[in-house]
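Each chain is listed here by its residues.
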Amino acid sequence: MRKLKIGVIDLVAKGPTRNLWARTMHANLASIMPQTIAVWCEEEGHDVTFVCYTGLENPIEEFPETLDLVVIGTFSQGAQLAYALSNLFRSRGAVTVLGGPHARCYPQDAQKYFDYVLGFTGKDVIRDLLHDCSPHRPIGVHLSANGQPMTLPSVQERWKFIELSHRKAPWIKVVPMLGSMGCPYTCSFCIDSVVPYQPLEFDVMKADLRFLLGKFKRPIVGWHDPNFGIRFDDYLSAIEDAVPPDSVDFIAESSLSILSEPHMKRLKRNGFKMMLPGIESWQDFGNKSKTGKHSGIDKVQQISEQVNMILRYVPYVQTNFVFGLDIDEGTEPFGLTKHFLDITPGAYPAYLLLTAYGQAAPLNLEYQREGRVLPIPFYFLDSKRGMNMKPKNYTWETFYDNVIDLIKHNISWQSLFNGYKAIPHSTARWLNVIRVLPWFEQLKYYREIRRRLDVDPQFRPFLEGETTEIPQFYVERIRKSLGTLWEWLPEGALYHDPNAYLKSEENSLTQLEKSP
Ligand code: SF4
């Protein structure tokens, strides 16, 4: 096989930006799979140029003029940028490949703009791709393994690519690691709920942690496990076995059911500094928070006590909430969240608006059958800006009024002061200050959406699903964000079929019925 010139791009940003958060933290949001694919391509004997695109650089200038193959990894919010880049690289003779969450959620759409679209990706899938590597147009080929790979390259093997990303992180340098894949819980909106839980090799993890102690005085490791610590004792024993207590700073996303006081003591002893538990809803998902049948104010009280306990052991806790769930009604979910913030001022809240990402979760089939999914351009699907589901129990006006009111509460002087006072750790304090800044931007954005619901004649028909014509407001934002790459956005690439998952399932069923 001839030696290929391959470009691998990890799209952390969805367009050029220079804001403070991007400059300090974007490079720390690098994904593991693009680094993994880069390692596998090199192992197959090819030349790889790797770029973690943070929004601060020109993605084109970072690559040689000619490439045989370009692999892009992105979340859905980066899809329009990825489509434009694919078009540009194809014009220079490259074959293009899309991987990452967008490829898994919207394969039918991505196949229109890429030669290959990756589902579950193991080394065999990449090897097959490299052997064929021929263009497939106008519709690309969907390649997928039966499940997630059982092993991934270690940090040592990915190190060269991790370092490249770290050069763009001026102060804090987080090393992405993975201890497990999938999740045993079944939260209906989550892409990991349909991936069987699978721990990765403990020996590799231990060797990686020792390796990092040789690279940094005090490494910072971000666990990318969807739910860290499912096999709590096994993981913590492996960490304790590998490195001295509290010699590495760890960041992890875990469900509250895992974060009991004895577990928190052990996590603190081992250097865990930042925990991100999902609360999601005051009315639902009691199993993952171990609140059982408790809901409403009882659940607020119980979780607040637990989060305040967690804050005694780790300085930074981010609590994730989802709004717009079918179980939510009236002002109660928002009012309870405000109350939670008042009695848990040290926690940083992250608000997500219910978004049905293509075929991420089986529940999306139901939403599509009900005709509730809207073709909001991918660019806005970051769980914050572009809720693509018509809420069941709210009008759009009441929904946004409630969200605006909640954020105003969050950024009131009283809340900010209480939050600042409640965190004794100086780095966590400042991180919270930096992280408050986007709220002002978010509030401005929601107010604009709310205003347009009253005055923009294109808005309401689109959000009510009466037309698929995308309001100019959305188009202009994407055009501005893509800058010169707007010219490369293929025709029709702002639109997508929000019911593609349902149609492909129905097609498969018809094929099955026809087969003898
Ligand atoms: S607990 Fe977290 S990772 Fe697991 S299914 Fe629920 S949201 Fe997803």
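**Student:** For this particular structure, what's the right way to read the overall build of the protein?
**Tutor:** Helices and strands together make up the secondary structure of the protein, namely 20 helices and 15 strands. Computed over C-alpha atoms, the radius of gyration of the protein comes to 23 Å, within 12% of the 24 Å expected from 2.2 N^0.38 for 516 residues, which places it in the range of a compact globule. If one aligns the C-alpha atoms of the protein with their principal axes, the spans along those axes are about 60 × 60 × 55 Å. Considering the protein as a whole, with its 516 residues, one finds that 57% of them fall into the buried category. Considering only intrachain contacts with a sequence separation of at least 6, the fraction spanning at least 24 residues in the protein is 75%. Across the protein, the 56 positively charged side chains and the 59 negatively charged ones have centroids separated by 6 Å.

**Student:** What is the right way to read the pairing of strand β3 (residues 69-74) from this model?
**Tutor:** Looking down a regular strand, the side chains alternate between one sheet face and the other. Burial of β3 is extensive: six of the six residues sit out of reach of the surface. Where burial is concerned, the two faces of β3 agree: the one with L69, V71 and G73 and the one with V70, I72 and T74 are both buried. As paired strands, strand β1 (residues 5-11) and β3 are joined by six bridges and run parallel to one another. Looking across to β3, one finds that V8 is bridged to V71. Examined bridge by bridge, β3 and strand β4 (residues 95-99) share five bridges and lie parallel to one another. Within the sheet, the bridge partner assigned to V71 lies in β4 and is V97. Once you follow β3 into helix α3 (residues 79-91) and on to β4, the crossover reads as right-handed.

**Student:** Would you mind going over unusual backbone geometry with me for this structure?
**Tutor:** What you tend to see is this: most non-glycine residues have negative phi, and most peptide bonds are trans. That bond from R137 to P138 is cis: its omega, 10°, falls within 30 degrees of zero. Position of P138 relative to the elements: it lies in the loop between α6 (123-132) and β6 (141-143). In this model, C133 sits at a positive phi of 60°, which is unusual for a non-glycine residue. Locating C133 in the fold gives a position in the loop between α6 and β6. Its identity as a non-glycine residue notwithstanding, D246 has a phi of 55°, on the positive side. Tracing the backbone through its elements, the reader meets D246 in the loop between α9 (232-242) and β11 (249-252). You can call D246 partly exposed: its relative accessible area is 33%.

**Student:** Would you take a moment to explain the packing of aromatic side chains for this structure?
**Tutor:** The relative placement of two aromatic rings is captured by the distance of their centres and the angle of their planes. Within the structure shown, the criterion is met by 37 aromatic pairs. Seen in terms of ring centroids, Y106 and F378 are 4.5 Å apart; in terms of plane orientation they differ by 55°. Their pairing is tilted. Here the residue Y106 occupies a position in the loop between α4 (101-105) and α5 (107-110), and F378 occupies one in the loop between α14 (363-369) and α15 (396-410), the gap between them amounting to 272 residues. Assessed through its relative accessible area of 6%, Y106 is described here as buried. Judged by relative accessible area, F378 falls into the buried class, the value being 0%. Relative to F340, the ring of F321 lies with its centre 5.7 Å away and its plane at 70°, an arrangement referred to as edge-to-face. Taken together, the residues F321 in strand β14 (residues 316-323) and F340 in helix α13 (residues 332-343) connect sequence positions 19 residues apart.

**Student:** Looking at this model, I keep getting lost on the sheet that holds strand β5 (residues 116-118). Mind explaining?
**Tutor:** Consider a sheet: its strands pair through backbone hydrogen bonds, and that pairing is either parallel or antiparallel. One open sheet holds the six strands; their spatial order is β2-β1-β3-β4-β5-β6, and the pairing between them is parallel. Edge positions in the open sheet fall to β2 (47-53) and β6, since each of these has one partner strand only. Neighbour to neighbour, the strand axes of the sheet diverge by 20° on average, direction disregarded. Those strands touched by α3 are β1, β2, β3 and β4, and its axis lies near 175° from that of β3. Across the face of the sheet, α6 comes into contact with β1, β3, β4, β5 and β6 while running at roughly 175° to β5.

**Student:** In this structure, what is going on with the pairing of β14? I would like to understand it.
**Tutor:** A large share of β14 lies buried, amounting to eight of its eight residues. In β14, alternate side chains face the same way, and those of Y316, Q318, N320 and V322 on one face and V317, T319, F321 and F323 on the other are all buried. Both strand β12 (residues 272-275) and β14 contribute to a ladder of two bridges, which runs parallel. Note on β14: the bridge partner recorded for M274 is Y316.

**Student:** When you look at the side chain of T36 in this model, what are you seeing that I'm missing?
**Tutor:** Tracing the backbone through its elements, the reader meets T36 in helix α2 (residues 32-43). Looking at T36, the relative accessible area reads 0%, which means it is buried. Ignoring sequence-local partners within four residues, the contact set of T36 consists of L152, P153 and R158.

**Student:** Where do I start with the packing of helix α12 (residues 297-311) against α13 in this structure?
**Tutor:** Two quantities define a packed helix pair, namely the angle between the axes and the distance from one axis to the other. At their nearest, the axes of α12 and α13 sit 10 Å apart, and the two run at 30° to each other. The orientation of α12 relative to α13 falls into the category roughly parallel. For the crossing formed where α12 meets α13, the hand is right-handed. Residues I297, V300, Q301, I303, S304, V307 and N308 of α12 touch α13, and the partners they reach there are L336, H339, F340 and I343. For the contact of α12 with α13, the class distribution of residues is seven nonpolar, four polar and no charged.

**Student:** Sorry, what's going on with α15 here?
**Tutor:** For α15, with 15 residues, the first-to-last C-alpha span of 21 Å sits near the 21 Å given by 1.5 Å per residue. Within α15 the residues assigned to the buried category are W396, E397, F399, Y400, N402, V403, I404, L406, I407 and N410. Among the structural elements, β14, α13, β15 (348-353), α16 (413-422), α17 (426-455) and α18 (459-463) are those in contact with the buried residues of α15.

Analysis parameters
- Residues numbered from 1 in each chain as written.
- Predicted model: local features only at pLDDT ≥ 70, side-chain atom pairs only at ≥ 80, totals over all residues.
- Heavy atoms only, no water.
- Helix = DSSP H or I, 4+ residues; strand = E, 2+ residues; numbered from the N terminus.
- Rg over C-alpha atoms; globule rule 2.2 N^0.38 Å.
- Buried < 20%, exposed > 50% of the residue type's maximum accessible area, 1.4 Å probe, protein only.
- Contact = heavy atoms within 4.5 Å.
- Lys, Arg positive; Asp, Glu negative; His and termini not counted.
- Charge placed at Lys NZ, Arg CZ, Asp CG, Glu CD.
- Pairing = 2+ DSSP bridges.
- Right-handed = clockwise from strand over helix to strand, strands pointing away.
- Phe/Tyr/Trp six-rings, centres within 6.5 Å; stacked < 30°, edge-to-face > 60°.
- Axes fitted to C-alpha atoms, helices over the stretch in contact; angles between N-to-C directions.
- Parallel < 35°, antiparallel > 145°, perpendicular 65-115°, else oblique.
- Left-handed = near helix turned anticlockwise from the far one by under 90°.
- Nonpolar A, V, L, I, M, F, W, Y, C, P; charged D, E, K, R; others polar.
- Expected span 1.5 Å × (residues − 1).

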